[in-house]
Structures are given as structure tokens and as C-alpha cells.
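Spelled out, the chains give:
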Amino acid sequence: MTVHYGYKDGSGEYFISVDTDKCNSCGDCVEACPVGVLEMITMMIDLEDKLVAAVTEAHRKKIKYSCAPCKPEKQPSCVSACEQAAITHTWKPL
């Protein structure tokens with residue numbers, strides 16, 4: 001399952017996507033994020049509890065601003081830190 005966090009508005013769109021099937025619960029992305037956008041949470045996946053990366057509740061509504069420093073990078077630090085390629089980002093400015 002892929003979980004998408006982000007927005008679409010007049011400035012474009014930005015999403016951080018976490019593929020929960022690929023996430024191995026290492027937490028490297030959490031440590032790599034310079035502003036603490038990510039955390040590890042327990043989710044029910046395929047009838048099991050699994051620890052996966054997710055955007056914190058505090059950052060979900062302000063991800064446009066929280067992730068602003070990393071948007072122009074081809075590989076934001078959280079994406080680069082994920083050896084399993086479980087985290088991707090999409091940025092399409094208008």
C-alpha cells in the first residue's frame with residue numbers, strides 16, 4: 001500500500017509517498033529529515049501491525065512549508081536515506 005502526504009493548489013503539487021510494503025522500519029528517513037517531518041508509526045498492513053514511516057500529524061497540514069527547503073532537490077534527504085526506495089517525492093510547480 002502506498003500512502004501519500006501532500007497538497008495540490010495554485011502553486012502546483014507536492015507529495016511525499018511511502019510504500020508501506022517496501023518500508024523495512026529502519027527509521028533512516030526519520031533521522032535524515034532536517035525538520036522532523038517524518039516519524040515511525042504502527043499501521044495495520046495485511047492484517048499485521050507494522051512499523052512504517054509517516055508524516056507527523058503536526059506536519060500534515062503544513063507540509064507545503066515544512067518540506068519547502070527540500071522541494072527543489074532531486075533527492076531530498078529522506079528519499080536519499082531510504083535504501084529500499086520506499087519513500088518518493090513528487091514536485092510539480094506551476
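None of the values given here were measured: they were computed from a predicted structure.

Visitor: I tried to follow the side chain of His89 on my own but got confused; where do I start?
Guide: Residue placement: His89 occurs in strand β5 (residues 87-93). For His89, a relative accessible area of 18% puts it in the buried group. A distance of 3.3 Å separates a polar side-chain atom of His89 from the backbone oxygen of Lys74. The residues touching His89, leaving out its near neighbours within four places in the chain, are Tyr14, Phe15, Ile16, Lys71, Glu73, Lys74, Pro76 and Val79.

Visitor: Quick question: what am I supposed to make of the pattern of salt bridges here?
Guide: Close approach of charged atoms allows side chains of opposite charge to pair. One pass over the full model with this rule turns up 2 salt bridges. When the shortest N-O distance is used, the salt bridge between Asp9 and Lys64 registers 2.4 Å. Separated by 55 residues along the polypeptide, Asp9 in strand β1 (residues 2-9) and Lys64 in helix α3 (residues 63-66) bring together distant segments of the chain. Here Glu57 makes a salt bridge to Arg60, at a shortest N to O gap of 3.2 Å. Taken as a pair, Glu57 and Arg60 lie in helix α2 (residues 57-60) at a separation of 3 residues, close to a single helical turn. With a relative accessible area of 31%, Arg60 lands in the partly exposed category.

Scoring rules and cut-offs
Here the residue index of a chain counts from 1 through its sequence in written order. The predicted nature of this model means local features are confined to residues of pLDDT at least 70 and side-chain atom pairs, given and counted, to a pLDDT of 80 or more, with totals for whole chains, interfaces and linings taken over all residues. Hydrogen atoms and water are omitted, and side-chain values are computed over all heavy atoms in the structure. In DSSP terms, a helix is any run of H or I states spanning at least four residues, a strand is any run of E spanning at least two, and both are numbered starting from the N terminus. Each residue is assigned to one of three classes by its accessible area relative to the maximum for its type, calculated with a 1.4 Å probe on protein chains only: buried under 20%, partly exposed between the two thresholds, exposed over 50%. Distance and chemistry together define a polar contact, namely a pair of N or O atoms within 3.5 Å, with one atom able to donate a hydrogen and the other to accept it when in protein, and with adjacent residues in sequence counting only for side-chain atoms on both sides. Residue contacts follow a heavy-atom distance rule, with two residues in contact if any of their heavy atoms lie within 4.5 Å. The term salt bridge refers to a pairing of a side-chain nitrogen on Lys or Arg with a carboxyl oxygen on Asp or Glu at a separation within 4 Å.

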